[in-house]
Amino acid sequence: MNKIKHIAGTITLLILVSSAHAQIPENAWDNSIKIEEQIKRTSFPEQIYNIKDFGAEEGNSNTLSHKAINQAIKTCSKNGGGTVIIPKGVFFTGPIVMKSNVNLHLEEGATLKFSTDKSLYTDLVITRWEGVDCYNLHPLIYAYEESNIAITGKGTIDGQGSNENWWYMCGNPRFGWKEGMDAASLGGREQLLQYAELFAPIDQRQMGLSSGLRPQLINLYRCHTILIQDVTLKNSPFWVIHPLLCESIIVSGVKVESHGPNSDGCDPESCKNVLIEKCFFDTGDDCIAIKSGRNADGRKWNIPSENIIVRNCKMVDGHGGVVIGSEISGGYKNLFVENCEMDSPNLDRVIRIKTNNCRGGVIENIYVRNITVGECREAVLKINLLYESREVCDRSFPPVVRNVYLDNITSKKSEYGILITGFSNSFNIENIQVSNSRFDNVEKSNLITGAKDIKLNNLYINNEIVK
């Protein structure tokens, strides 16, 4: 039987851990109310445009409807806006481009199935891929510099990612890759990362199909006033929802089911004023992953993600429930997570911060409360400054993580309670507070290195208070 052991210091790292009363800044949670008030809401005229009126055909896999859908969206936007209806039935489609003042509404029973013919997505668009600026394959749904846009309804958007389509391009045989297939791991990903390290102009970073860099399901770039509501999103080639350099975003009541490689559920990147609520995440990677650019590109723009609220969500499978990083060079501030449920042996961590000394940036003001965890595999809280330790990059940009507050977190099973890995020669993690929480069936208790000002107040691990 494993002994309960709280590691509160090592000779080499001089960890500082205190059981003093954890003090959350006064009125900190009131700021989440102010943030929500700043989020602009979408609003659309009453005009309705049915895609069938533009030539869309239901149920015919040999006839793709994206030309009809895009024409309906363009017409709706040009006429002042309104709602483009995807009626009940299955519609096969290629890439879709959203325009301002358009609500793309999928009726209950409607399904958009995106073609797996990769040649349809070779009209390259400006985006970021794993935090690096580039021109890459066209996302399945894309918008650039649009405003007041929405994707709503009880229908389903199916990217048709699978081991046979898209997922094998990660280069892992577990996802269907075989000798002779294109894959990011064969040099496309490395080439893109080197473009950034060498400060190559963005227009020179043309990443075609042979690069193996899979497109996102939904990528909204430099947009504002966005609503994604009630839809089911399945089988993405890559990240599922990726707002990039956007402001005023609401993701509400969305169901994400995608178990492919890098199937992050929702990745706001360099975004401001975001509400994610009442969503369900069952993913092959992080459920929610907050980002702000990678290495030199992230520092060049220096635009943090900030003011994000996550509440009343449920997470099952995933590498992390709510995650910051690893592409976080622009920094992050002001995260509020509350009233969420997480439970799966395939959920690795509950709250996760991952970065390294290629990134730089300051991550601060993380507030988490009222989280119920059935089980997670590794840790309730994990902070790691040594993520991707073999990455080839300029390592002169140590990040800072500070002011992380967890309150009223219960977990029934995990390997660790708190797992913090900092640097051996400096304290770049500070002021981490866990209070009024109970972690049961913990195999190895806590492991904390390279951090200071760790305050634990009324934290019980395996029915024993941690001191």
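Conventions and cut-offs
- Residues numbered from 1 in each chain as written.
- Predicted model: local features only at pLDDT ≥ 70, side-chain atom pairs only at ≥ 80, totals over all residues.
- Heavy atoms only, no water.
- Helix = DSSP H or I, 4+ residues; strand = E, 2+ residues; numbered from the N terminus.
- Rg over C-alpha atoms; globule rule 2.2 N^0.38 Å.
- Buried < 20%, exposed > 50% of the residue type's maximum accessible area, 1.4 Å probe, protein only.
- Contact = heavy atoms within 4.5 Å.
- Areas by Shrake-Rupley, 256 points an atom, 1.4 Å probe, with all protein chains shown as cover.
- Pairing = 2+ DSSP bridges.
- Right-handed = clockwise from strand over helix to strand, strands pointing away.
- Disulfide = S-S within 2.5 Å.
- Core = buried A, V, L, I, M, F, W, Y, C linked by side-chain atoms within 4.5 Å.
- pLDDT = per-residue confidence, 0-100.
- Polar contact = N/O pair within 3.5 Å; in protein donor to acceptor, adjacent residues only side chain to side chain.
- Salt bridge = Lys/Arg side-chain N within 4 Å of Asp/Glu carboxyl O.
- Lys, Arg positive; Asp, Glu negative; His and termini not counted.

### Focus on the overall build of the protein chain
Counting its regular elements, the protein chain contains four helices and 35 strands. In terms of C-alpha radius of gyration, the protein chain reaches 22 Å, essentially the compact-globule figure of 23 Å for 467 residues. For the protein chain, the spread of C-alpha atoms along the principal axes amounts to about 70 × 45 × 40 Å. Split into buried and exposed, the 467 residues of the protein chain put 60% on the buried side. Taking as baseline every contact in the protein chain between residues at least 6 positions apart, the subset at least 24 positions apart corresponds to 75%. Of the roughly 18,000 Å² of accessible surface on the protein chain, 45% is carried by carbon and sulfur atoms.

### Overview of the pairing of strand E4 (residues 82–86)
Counting buried positions along E4 gives five out of five residues, so the element sits mostly inside the fold. Bridge analysis of strand E3 (residues 48–50) against E4 gives three bridges, and the strand direction is parallel. Paired with Ile-48 across the bridge in E4 is Thr-83. What joins E3 to E4 is helix H2 (residues 66–78), and the crossover it makes is right-handed.

### Considerations on the state of the cysteines
Under the counting rule described, the total for this entry stands at one disulfide. Between the sulfur atoms of Cys-358 and its disulfide mate Cys-393 the distance is 1.9 Å. With Cys-358 in the loop between strand E27 (347–354) and strand E28 (362–373) and Cys-393 in the loop between strand E29 (379–384) and strand E30 (400–411), the pair connects residues that are 35 residues apart, well separated along the chain. Of all cysteine sulfurs, the one in Cys-313 lies closest to Cys-287, which takes part in no disulfide; the gap is 9.5 Å.

### Overview of unusual backbone geometry
Residue Ser-326 is reached from Gly-325 by a cis peptide bond, and omega for that bond is 0°. Secondary-structure assignment places Ser-326 in the loop between strand E25 (318–325) and strand E26 (332–342). Positive phi, normally seen in glycine, also occurs at Asn-235, with a value near 55°. With respect to the element layout, Asn-235 can be found in the loop between strand E16 (232–234) and strand E17 (241–244). A positive phi angle, close to 55°, is found at Leu-245, a residue other than glycine. Mapped onto the elements of the fold, Leu-245 is located in the loop between E17 and strand E18 (247–252). When its relative accessible area of 12% is taken as the criterion, Leu-245 is described as buried.

### Things to note about the nonpolar core
Counting residues in each nonpolar core, the largest one holds 104 residues, and the members touching the most others are Leu-233, Ile-276, Phe-281, Val-310 and Leu-335. Excluding residues that lie within four positions of it along the chain, Leu-233 makes contacts with Ile-157, Leu-217, Ile-218, Val-240, Ile-241, Val-254, Lys-255, Val-256 and Glu-257. Counting twelve residues, the second largest nonpolar core, distinct from the first, contains Ala-28, Trp-29, Ile-39 and Tyr-367.

### Examining the sheet that holds E17
Sheets are built from strands that pair by backbone hydrogen bonding, the pairs being arranged parallel or antiparallel. With respect to topology, four strands assemble into an open sheet ordered E6-E11-E14-E17, the strand pairing being parallel. A single partner strand is all that each edge strand has here, and the edge strands are strand E6 (96–97) and E17. Here strand E11 (residues 141–144) runs beside strand E14 (residues 218–221); their pairing, made up of four bridges, is parallel. Opposite Ile-141, over in E14, you have Ile-218 as the bridge partner.

### Digging into helix H3 (residues 188–197)
Within an α-helix, residues lying three or four positions from one another point in the same direction, as the helix has 3.6 residues per turn. Every buried residue of H3 is listed here: Gly-188, Leu-192, Leu-193, Ala-196 and Glu-197. Against the buried residues of H3 lie strand E9 (125–129), strand E10 (132–136) and helix H4 (295–301). Within two residues after H3, Phe-199 carries a phi angle of roughly 60°, on the positive side.

### Considering the confidence of the model for the protein chain
Averaged over every residue, the pLDDT of the protein chain is 94; residues scoring 70 or more account for 95%. Ignoring residues within four places in sequence, the model shows residues 1–20, a span with pLDDT below 50, making 47 contacts including any to other chains.

### Things to note about the side chain of Asn-446
On the secondary structure map, Asn-446 appears in strand E33 (residues 446–449). Side-chain polar atoms of Asn-446 contact the backbone nitrogen of Ile-418, separated by 2.9 Å.

### Quick look at the pattern of salt bridges
Under the counting rule described, the total for this entry stands at 30 salt bridges. In this structure, Arg-377 engages Asp-348 in a salt bridge whose closest nitrogen and oxygen atoms are separated by 2.9 Å. Taken together, the positions of Arg-377 in the loop between E28 and E29 and Asp-348 in strand E27 put the pair 29 residues apart, joining distant regions of the chain. By relative accessible area, which is 41% here, Arg-377 ends up partly exposed.

### Points about the pairing of strand E20 (residues 272–277)
Burial analysis of E20 places five of its six residues in the buried class, the great majority of the element. When E20 meets strand E23 (residues 305–311), the two strands line up parallel, connected through five bridges. Paired with Leu-275 across the bridge in E23 is Ile-309.

### Brief notes about the side chain of Asp-285
Tracing the backbone through its elements, the reader meets Asp-285 in the loop between strand E21 (280–283) and strand E22 (288–290). For the buried Asp-285, which has no salt bridge, the nearest side chain bearing the opposite charge is Lys-354, at an N-O separation of 4.7 Å. With sequence-adjacent residues up to four places away left out, Asp-285 is seen in contact with Asn-262, Ser-263, Asp-264, Gly-318 and His-319.

### Section: the environment of Asn-50
With respect to the element layout, Asn-50 can be found in strand E3. Under the relative-accessibility criterion, Asn-50 is labelled partly exposed at 22%. With near-sequence residues (within four places) excluded, Asn-50 lies in contact with Ile-85 and Pro-87. Here the side chain of Asn-50 touches Lys-52 through a polar contact of 2.9 Å, landing on its backbone nitrogen.

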